[in-house]
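# Inside the fold
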Amino acid sequence: MRRTGRPGWGNYGNFRFTRQAKRTCRASCGVDDGRLWRKGRLKCQAISNFSRAEAWCAPAWAGRWKCQFANDFDPLKVKVYADNWGEAEILEDDIHNVEPADLGRRADLAWASFPCQDLSAAGNGLGIGQAGGATRTRSGTFWAFIDLMKDLKANGRLPRILVLENVVGLLTINGGEEFRTVIASLERLGMRAGAVVVDARHFVPQSRPRVFIVAIAKTSALADELVRKEPHPTWHPDPLVKAVAKLSPQCREQWIWFNLGAPPELKKTLNSIVKSNPVGVEWHTPAETKRLVGMMSEAHKQKLAEAKKSSKRMVGTLSLRMRPSNGRTIQRTEICFRGLAGCLRTPKGGGSRPRIIVVKGGSVRTRLLASPEAAALMGLKTSYRLPDIYEYAFRVVGDGVAVPVVSFLRAKLFNPLLRSVKKQRAAGAGKSNKAARRPDKGRRGQLELRV
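Source: prediction; values computed, not measured.

About the thresholds
Residues numbered from 1 in each chain as written. Predicted model: local features only at pLDDT ≥ 70, side-chain atom pairs only at ≥ 80, totals over all residues. Heavy atoms only, no water. Helix = DSSP H or I, 4+ residues; strand = E, 2+ residues; numbered from the N terminus. Buried < 20%, exposed > 50% of the residue type's maximum accessible area, 1.4 Å probe, protein only. Lys, Arg positive; Asp, Glu negative; His and termini not counted. Salt bridge = Lys/Arg side-chain N within 4 Å of Asp/Glu carboxyl O. Contact = heavy atoms within 4.5 Å. Phe/Tyr/Trp six-rings, centres within 6.5 Å; stacked < 30°, edge-to-face > 60°. Lys NZ or Arg CZ within 6 Å of the ring centre and 35° of its normal. Axes fitted to C-alpha atoms, helices over the stretch in contact; angles between N-to-C directions. Parallel < 35°, antiparallel > 145°, perpendicular 65-115°, else oblique. Nonpolar A, V, L, I, M, F, W, Y, C, P; charged D, E, K, R; others polar. 1 Å grid on protein atoms, 1.4 Å probe; cavity = no way out; pocket = protein on both sides within 12 Å on 5 of 7 lines; lining within 4 Å. Points joined across faces, edges and corners; volume = space filled by probe spheres on them. Expected span 1.5 Å × (residues − 1). Polar contact = N/O pair within 3.5 Å; in protein donor to acceptor, adjacent residues only side chain to side chain. Pairing = 2+ DSSP bridges. pLDDT = per-residue confidence, 0-100.

A few words now on the side chain of Arg192. Take Arg192: it is sitting in strand 8 (residues 191–199). No salt bridge is formed by the buried Arg192; its nearest oppositely charged neighbour, Glu253, is found at 9.2 Å. The contact partners of Arg192, leaving out residues within four places of it in the chain, are Val214, Ala215, Ile216, Ala217, Lys218, Ser220, Leu222, Gln254, Trp255 and Ile256.

Turning our attention to the packing of aromatic side chains. Counted by the stated rule, this structure contains 10 aromatic pairs. When the ring of Trp85 is compared with that of Tyr384, the centres are 6.3 Å apart and the planes differ by 45°; the resulting orientation is tilted. Pair noted here: Trp85 is in helix 1 (residues 75–85) and Tyr384 is in the loop between helix 10 (371–377) and helix 11 (390–398), with a separation of 299 residues, a long-range link. With relative accessibility at 12%, the residue Tyr384 sits in the buried group. When the ring of Phe179 is compared with that of Trp255, the centres are 6.1 Å apart and the planes differ by 65°; the resulting orientation is edge-to-face. On the criterion of sequence distance, the pair formed by Phe179 in helix 4 (residues 177–188) and Trp255 in the loop between helix 6 (249–254) and strand 11 (257–258) is long-range, its members being 76 residues apart. Put simply, the rings of Trp111, Phe212 and Phe414 touch in pairs and so form one group of aromatic residues. One residue, Arg365, lies across the ring of Trp283, its end atom 4.2 Å from the ring centre. Note that Arg367 overlies the ring of Trp283, its terminal NZ or CZ placed 4.6 Å from the centroid.

As a further point, take the packing of helix 2 (residues 142–154) against helix 4. The packing of two helices is summarised by the inter-axis angle and the distance between the axes. Contact geometry for helix 2 and helix 4: axes closest at 11 Å, N-to-C directions at 10°. As the angle between them shows, helix 2 and helix 4 are arranged roughly parallel. Of the residues in helix 4, those in contact with Phe142, Trp143, Ile146 and Lys153 of helix 2 are Thr181, Val182, Ser185, Leu186 and Arg188. For the contact of helix 2 with helix 4, a count of residues per class yields 5 nonpolar, 2 polar and 2 charged.

Turning to the pattern of salt bridges, a few remarks are in order. Scanning the model with the defined rule gives 16 salt bridges in all. Residue Lys77 is joined to Asp74 by a salt bridge in which the shortest nitrogen-to-oxygen separation is 3.3 Å. Members of the salt-bridge network, linked through shared partners, are Asp74, Lys77, Arg395 and Asp399.

What follows is about the layout of surface pockets. Reported here for the second largest pocket is a volume of approximately 410 Å³. Forming the walls of the second largest pocket are 21 residues, and the residues nearest its centre are Val279, Ser371, Pro372, Glu373 and Leu386. Counting residues per element, the lining of the second largest pocket draws most heavily on helix 10, which supplies 5 residues. Tallied by class, the residues present in the lining of the second largest pocket amount to 13 nonpolar, 4 polar and 4 charged.

Turning our attention to empty space enclosed by the protein. Tallying each qualifying case throughout the model produces 2 cavities of 30 Å³ or more. Approximately 50 Å³ is the volume attributed to the largest cavity. Around the largest cavity sit Val198, Ala200, Arg208, Arg210, Phe212, Gly400, Val401, Ala402 and Val405, which together line it. Classifying every residue of the lining of the largest cavity gives 6 nonpolar, 1 polar and 2 charged. Computed from the structure, the second largest cavity encloses a volume of approximately 40 Å³. Looking at the second largest cavity, the residues that line it are Ile183, Glu187, Met191, Arg192, Ala193, Cys251, Gln254 and Trp255.

A few words on the packing of helix 1 against helix 11. Look at helix 1 against helix 11: their axes get within 10 Å of each other, and the N-to-C directions meet at 85°. With respect to each other, helix 1 and helix 11 are oriented roughly perpendicular. Contacts between helix 1 and helix 11 involve Leu76, Lys77 and Val80 from the former and Tyr392, Arg395 and Val396 from the latter.

The next point concerns helix 2. In an α-helix, one turn spans 3.6 residues, which is why side chains three or four residues apart end up on the same side. Over its 13 residues, helix 2 extends 19 Å from the first C-alpha to the last, a length consistent with the 18 Å expected when each residue adds 1.5 Å. Three or more residues of helix 2 are buried, namely Phe142, Trp143, Ala144, Phe145, Ile146, Leu148, Met149 and Leu152. Two residues or fewer after helix 2 comes Gly156, characterised by a positive phi angle close to 70°.

This brings us to the side chain of Arg208. Within the fold, Arg208 resides in the loop between strand 8 and strand 9 (209–217). Within the structure, the side chain of Arg208 is placed 2.8 Å from the side chain of Gln206, a separation counted as a polar contact. With near-sequence residues (within four places) excluded, Arg208 lies in contact with Val198, Asp199, Ala200, Cys343, Leu344, Met378, Val397, Gly398, Asp399 and Gly400.

Here we come to the sheet that holds strand 12 (residues 314–325). Strand order across the open sheet formed by 4 strands is 13-12-14-15, with antiparallel pairing between neighbours. The open sheet terminates on both sides in strands that have one partner only, identified here as strand 13 (328–336) and strand 15 (363–368). Between one strand axis and the next, the sheet turns by 30° as a mean value, whatever way the strands run. Examined bridge by bridge, strand 12 and strand 13 share 9 bridges and lie antiparallel to one another. Counted as the bridge partner of Met322 is Gln331 from strand 13. Packing against the sheet, helix 9 (residues 298–309) makes contact with strand 12, strand 13, strand 14 (355–360) and strand 15, and its axis sits at approximately 20° to strand 13.

Unlike most non-glycine residues, Asn174 shows phi in positive territory, near 55°. Summarising the element assignment, Asn174 is placed in the loop between helix 3 (169–172) and helix 4. Classification of Asn174 by relative accessible area gives partly exposed; the value is 40%.

On to the confidence of the model for the protein. Residues with a pLDDT of 70 or more make up 80% of the protein, whose mean pLDDT is 84. Here residues 51–56 is modelled with pLDDT under 50, and outside its nearest four sequence neighbours on either side it reaches 72 contacts, counting other chains as well.

In structure tokens:
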């Protein structure tokens, strides 16, 4: 289904439509992720745009979900999708070129992970811009997704569930204005929304918080067990609560505090993922390790000294940061032994590559994080095929959504939410069919009751 998009937009958009079937759904990964999914008694369909979760999330959607349509502009991520799940559903094109006719029948769920560059702390604060604005921002690809959903609604094909995923900066950047705009746009589609913040650290030893906005039709009924009266401290942290408080009165009134239950207990450790004999990378030479240690501040040298006192194998993260010192800025080595990797990112330079440090007694070794180890930190299976080139592999990994997070949301929210929505629809259809079969008797009964 590949179709080359117009040049000059980079990783600007992916969408996905899918359908629940007896086989595993297909997913692709990339900076931008979007999908439409549909689910029936035996089938579920979904659409995905901005394929951040697409390339590897098939295990997360295991069961009856089937990918009906996926889209990414980045040829690398489209190739990764095709290498793992085939190219039948993936469309390589700018999202602005995607038409409703490309998406097939009505889907149950549409997923969009629009670009985060203009929403993150490391970005420029441009936000998502304005609908139809002359100046487009990278994160403003959100508007192409909304326009597509408007077209689907006009054709009676708006997915039953919309999911938007992004960095938590969406909640706070520009005083929460971007978040207000996103929720207001969903409200104009005739949908009510809720959101949860899920950190991958509950599932894998990596700190990777992301916000997931989930919207359904205003007329849809919700099962009582899916809704909380008050926010949960884990799934609805303070930045989200404050962002919701700034919404319009109408959006606040319709807001949903989704109930995900208690957070799971982390079972994997960074120590179990980092291997003594890595694949694809080499341990640093003693001279390089000595150089990195020499770049540490006294506080971090003390952390290293404490790690040496332990008889256990201590695995930590190693980062290079620019820090002020005596009126100038110098590069420092910083280490952490808290058992979690920092958020994996797309590498933009040598200093941004993830590194690890392993200490056992007096032995200190350092190296780059290997691609298979990064894949494990995202919850990917060892059979998942990443690009052989190191930088390409981390472009895919750094833009992805952790697989166990999507799996958790599928089980705790998407599946029961869709069952609740479809149960209401089936009940309404049953009443209509019954009345259609016995129109005269039904009317007489109503008249008799009124009398």
